[in-house]
Amino acid sequence: MYLNITEVDSALVNLSGAYPSLCELIDLPETSVEGVACHALRLRADPDGGPRDCAVFIGGVHAREWGSCEILVFFAADLLEAYSTGSGLVYGGKTFTAAQVAALLEGLDIVVFPLVNPDGRHYSQTVKAMWRKNRNPEYSTGVGDCVGVDINRNYDFLFDFATAFSPLSDVRVSADPCDPQVYQGPRPFSEPETRNVRWLLDEYPRTRWFVDVHSFSEDMLHVWGDDENQSDDPDMNFRNPDFDGTRGVDGDTAYREFVPKDDLDSASDLARHFTDALKAVRGKQYTAKPAFDLYPTAGTSDDYAFSRHIVDPDKGKIHAYTIEWGTEFQPPWAEMKLIAKDVCAGLLQFCADAPSTVTD
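None of the values given here were measured: they were computed from a predicted structure.

Help me understand the packing of aromatic side chains in this model?
Both the distance between ring centres and the angle between the ring planes are used here to describe each pair of aromatic rings. This structure, assessed with the given rule, holds 18 aromatic pairs. With 5.5 Å between their ring centres and 70 degrees between their planes, Phe-57 and Phe-75 make a pair best called edge-to-face. Taken together, the positions of Phe-57 in strand β3 (residues 54-59) and Phe-75 in helix α2 (residues 67-85) put the pair 18 residues apart, joining distant regions of the chain. Comparing Phe-57 with Phe-75 shows no difference in burial state: the two are buried. Note on Phe-157 and Trp-224: the rings are 5.3 Å apart at their centroids and 10 degrees apart in plane angle, and the pair reads as stacked. Highlighted residues: Phe-157 in the loop between α4 (118-126) and α5 (161-164) and Trp-224 in the loop between β8 (219-222) and β9 (229-230), separated in sequence by 67 residues. Just as Phe-157 is buried, Trp-224 falls in that class too.

I would appreciate a short explanation of the layout of surface pockets in the present structure.
Where empty space is left in the structure can be found by rolling a water-sized probe over the atoms. The calculated volume of the largest pocket comes to roughly 370 Å³. Lining the largest pocket are 23 residues, and of these Arg-132, Arg-153, Leu-294, Tyr-295 and Glu-324 sit closest to its centre. Among the secondary structure elements, those contributing two or more residues to the lining of the largest pocket are β7 (207-215) and β12 (319-325). Considering only residue class, the lining of the largest pocket consists of seven nonpolar, nine polar and seven charged. Looking at the second largest pocket, its volume works out to about 180 Å³. Lining the second largest pocket we find 13 residues, and of these Asp-156, Tyr-304, Ser-307, Arg-308 and Val-311 sit closest to its centre. The biggest single contributor to the lining of the second largest pocket is helix α8 (residues 301-311), with four residues. Tallied by class, the residues present in the lining of the second largest pocket amount to six nonpolar, one polar and six charged.

The rules behind the values
Residues numbered from 1 in each chain as written. Predicted model: local features only at pLDDT ≥ 70, side-chain atom pairs only at ≥ 80, totals over all residues. Heavy atoms only, no water. Phe/Tyr/Trp six-rings, centres within 6.5 Å; stacked < 30°, edge-to-face > 60°. Helix = DSSP H or I, 4+ residues; strand = E, 2+ residues; numbered from the N terminus. Buried < 20%, exposed > 50% of the residue type's maximum accessible area, 1.4 Å probe, protein only. 1 Å grid on protein atoms, 1.4 Å probe; cavity = no way out; pocket = protein on both sides within 12 Å on 5 of 7 lines; lining within 4 Å. Points joined across faces, edges and corners; volume = space filled by probe spheres on them. Nonpolar A, V, L, I, M, F, W, Y, C, P; charged D, E, K, R; others polar.

Put into structure tokens, the structure is as follows:
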């Protein structure tokens, strides 16, 4: 059965206790709006060894997408058990050897933050199953849909969407506090949940990969989400106000978001490695594609994570992705367990191949 918020957190605490030499419980600096303490888990063999590149995985951002938490808990538990027993991992038709498992935990820091939005998940599981946002009542009447912020529109990337995007775009974000789905909040990082994610990226400055686990559409998305990609005109970029009012229209040439070709090739390759490994489990075909091909967005975690090194050259480059697992938000548990195996296999392959595809 799906885990409630106490069980998700207990799983992390229990794993840190069961494998103290392989993982560390991370206390996130801020509680949720309703006062719930949040935890992440860092996995690494040889905890006293030198600095390593890091992969950060988050889930449980949208309250109704229940299985994201379970995927990341299972992913951590599988890696820890396999390493400690010197065994490999088998997910359907996809196998990882003991040597591959060892290489992951001995070569990378892997940070999992399975439950970014505990208040929203609790409300979804106990009151309104299709609830998506957090439960912050501050910005409107605090009644019904006029509660909460979409955590995945609250990051600092093209937050002033009314200025940045074309009026012809169908950008999926809203400044209306009563929007039941995509209210962005009053300012970037207004919410403790997004500030916790930002803190993780700052706390682990060698983070080179970031994955936000969502549902649904059976996709592995990479940047950008605001417009189509191009690698020819570096002046056509999200920081250039000359292009305000032109972003987000599919198929036009007025604006396309710049990404260096090496970065785009790396992003596409690693996304395909994920989808190929996932398919090997039981034949499910996920699509690797830019996030904009799903729909135009602003204020999302993946675009923010990748944009950090452009806004501030002192920050390291983070190759950022969003998984959209499954074909419904809350599939029957028997199917969700199979989806978790699919995605865990993809994530292990992602970690195995990431170092060879990264660009500086």
